[in-house]
Amino acid sequence: MAPKQDIRFCTTSDGVRLATATTGEGPPLIRVGTWLSHLECDVREADSWATIQEFSRDHTYVRYDSRGCGLSDRRIPPLQFEDLVVDLGAVVDAHSQDPVPLYGLSCGVPVAIAYAARHPERVSRLILLNGFGRAYFSAKHPEPAVLEEANLLLNSARISWGNEKSVFRQVFVSQLLGNATPEMRRGIDERMRLSMTPEMAEQHLRRNYEMDVKAECAQLKCPVLVLHARGDQMVVFEQGRKLAAWIAGAHFVPLESDSHVLLGGAPAAVQFFAEVRAFLGVTVKAGASTAKLSPRQSEILASVAHGQTDKQIARELGLSPRTVEMHVAGAMKALRCTTRAQAVHRATSEGLLAI
């Protein structure tokens, strides 16, 4: 399926125009905005588009560019945390009159918590991935090394944001994606260039380091699912564990991954979507899929899901890389997918692939 989304605009209470995008059909599920956001980059990056497709299978999936980012207004007053909560409220009001589930990732997690605590009548459930409740600059006893690293990144952001060879960019990408492939790095390069100016990047990063919603965690009334990657290098696992402990009744799920952003088709991503569907009460109908994979296609697609290259798979199975490529192409065609990440997602969720 070719990437397609419906882009529209809504206006916040303080007059900022926000770009929103919807995909899929069904009850709404709203992804809380983050920095480094660009709706058009989302559909060009294979892993991002695979994630969008997964959420869009059962819901009208709503995403938006935060103020100062992507297709939303770029000329804005100095950014404050409260502005991000206002943005989320405008998007919720524009897409539903009923309570909706919110999906928060990374710095979107504190924003989702703050909004849900202040507007419990508008939020039905919270899904929180690789997030935190209290950031470095708000901690009572922050670790000196962590504070030093945060200040170093802040001081480097404005100067090095547009420099592809900067140390800042290398550290940032490694923390965000773990062992990123060249294709992923190219995608991040484009996203950093298009999503915001260096000045806005510094503002957003500073607000991220100042967020503190520990008090709001105690006020949440809706069911909450907290998931966190054990090897997350951007928001450490302990941050996720603390967050879950601060929220009464929250269900905490560790994920086996070293990436801050879950990569399409990886075992951690498959587990994530299974947990989310169960939490949202989505049932996968047995026998709903009409797609069929050959044993060899399933075998090779499972290896793809574990991050192996065509050359590695070929060497392991005694095939040529070209033969492996043809089997992958056949699996993608059978599953009606345009990328490998999408094929792994669909095959796993429809019971055609065990990882």
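Check the entry above for the structure.
These remarks concern the structure in this document. (Residues numbered from 1 in each chain as written. Predicted model: local features only at pLDDT ≥ 70, side-chain atom pairs only at ≥ 80, totals over all residues. Heavy atoms only, no water.)

Moving on, we come to the overall build of the chain. Across its full length, the chain holds 15 helices and 8 strands. Taken against the 2.2 N^0.38 rule, which gives 20 Å for 355 residues, the C-alpha radius of gyration of the chain at 20 Å falls within 12% of a compact globule. Projected onto the principal axes, the alpha-carbon positions of the chain cover approximately 55 × 45 × 35 Å. When burial is assessed residue by residue, the chain has 54% of its 355 residues classed as buried. A separation of at least 24 residues holds for 74% of the contacts in the chain among residues at least 6 apart in sequence. Accessible area of the chain: about 16200 Å², with a carbon and sulfur share of 52%. When the 40 basic and 39 acidic side-chain charges of the chain are each reduced to a single mean position, those positions are 3 Å apart. (Helix = DSSP H or I, 4+ residues; strand = E, 2+ residues; numbered from the N terminus. Rg over C-alpha atoms; globule rule 2.2 N^0.38 Å. Buried < 20%, exposed > 50% of the residue type's maximum accessible area, 1.4 Å probe, protein only. Contact = heavy atoms within 4.5 Å. Areas by Shrake-Rupley, 256 points an atom, 1.4 Å probe, with all protein chains shown as cover. Lys, Arg positive; Asp, Glu negative; His and termini not counted. Charge placed at Lys NZ, Arg CZ, Asp CG, Glu CD.)

Per the counting criterion, the structure on display carries 23 salt bridges. With its nearest N and O atoms 3.0 Å apart, the salt bridge here joins aspartate 6 to arginine 8. The class of arginine 8 is exposed, set by a relative accessible area of 55%. Linking aspartate 83 and arginine 67 is a salt bridge whose minimum nitrogen-to-oxygen distance equals 3.9 Å. (Salt bridge = Lys/Arg side-chain N within 4 Å of Asp/Glu carboxyl O.)

Here we come to the pairing of strand S5 (residues 100–105). Counting buried positions along S5 yields 6 of 6 residues, so the element is predominantly enclosed. Summarising the sheet, S5 and strand S6 (residues 123–129) pair through 6 bridges and their orientation is parallel. Paired with valine 100 across the two strands is valine 123, which belongs to S6. Each parallel crossover has a hand, and for S5 linked through helix H4 (residues 108–118) to S6 it is right-handed. (Pairing = 2+ DSSP bridges. Right-handed = clockwise from strand over helix to strand, strands pointing away.)

Another point: the pairing of strand S1 (residues 6–11). Looking at chain direction, S1 and strand S2 (residues 17–23) are connected through 6 bridges and run antiparallel. Bridged to phenylalanine 9 within S2 is alanine 19. If you look at the hairpin formed by S1 and S2, you'll find 5 residues sitting between the two strands, and glycine 15 has a positive phi there, around 85°.

The next thing to look at is the packing of helix H12 (residues 295–305) against helix H14 (residues 321–334). Direction vectors running N to C along H12 and H14 enclose 100°, while the axes themselves pass 9 Å from each other. Relative to H14, the element H12 lies roughly perpendicular. On H14, the residues touching Arg296, Gln297, Ile300, Leu301 and Val304 of H12 are Val324, His327, Val328, Gly330 and Ala331. Class assignment of the residues belonging to the contact of H12 with H14 gives a composition of 6 nonpolar, 3 polar and 1 charged. (Axes fitted to C-alpha atoms, helices over the stretch in contact; angles between N-to-C directions. Parallel < 35°, antiparallel > 145°, perpendicular 65-115°, else oblique. Nonpolar A, V, L, I, M, F, W, Y, C, P; charged D, E, K, R; others polar.)

Using the criterion set out here, one finds 7 aromatic pairs in the structure. Each ring, one from phenylalanine 55 and one from phenylalanine 273, has its centre 5.1 Å from the other, and the planes form 65°; the classification is edge-to-face. Of the two residues, phenylalanine 55 is situated in helix H2 (residues 46–56) and phenylalanine 273 in helix H11 (residues 267–280); the sequence distance between them amounts to 218 residues. As far as burial versus exposure is concerned, phenylalanine 55 and phenylalanine 273 are alike and both buried. Here the aromatic residues Phe55, Tyr61, Tyr103, Phe272 and Phe273 are joined through ring pairs into a cluster of three or more. (Phe/Tyr/Trp six-rings, centres within 6.5 Å; stacked < 30°, edge-to-face > 60°.)

Attention shifts here to the nonpolar core. Grouped together as the largest cluster of nonpolar side chains are 64 residues, with contacts concentrated most on Trp35, Leu88, Leu102, Ile113, Leu126 and Leu128. Among all residues touching leucine 128, those that are not within four sequence positions of it are Gly104, Val109, Ala112, Ile113, Val224, Leu225, Val226, Leu227, Leu243 and Ile247. Counting 23 residues, the second-largest nonpolar core is a separate cluster that includes Trp49, Ile127, Leu255 and Leu262. (Core = buried A, V, L, I, M, F, W, Y, C linked by side-chain atoms within 4.5 Å.)

Helix length check: helix H7 (residues 182–195), at 14 residues, gives a terminal C-alpha distance of 20 Å against a target of 20 Å (1.5 Å per residue), a fit within 8%. Residues of H7 that are buried include every one of Met184, Gly187, Ile188, Asp189, Arg191, Met192 and Ser195, and no others. (Expected span 1.5 Å × (residues − 1).)

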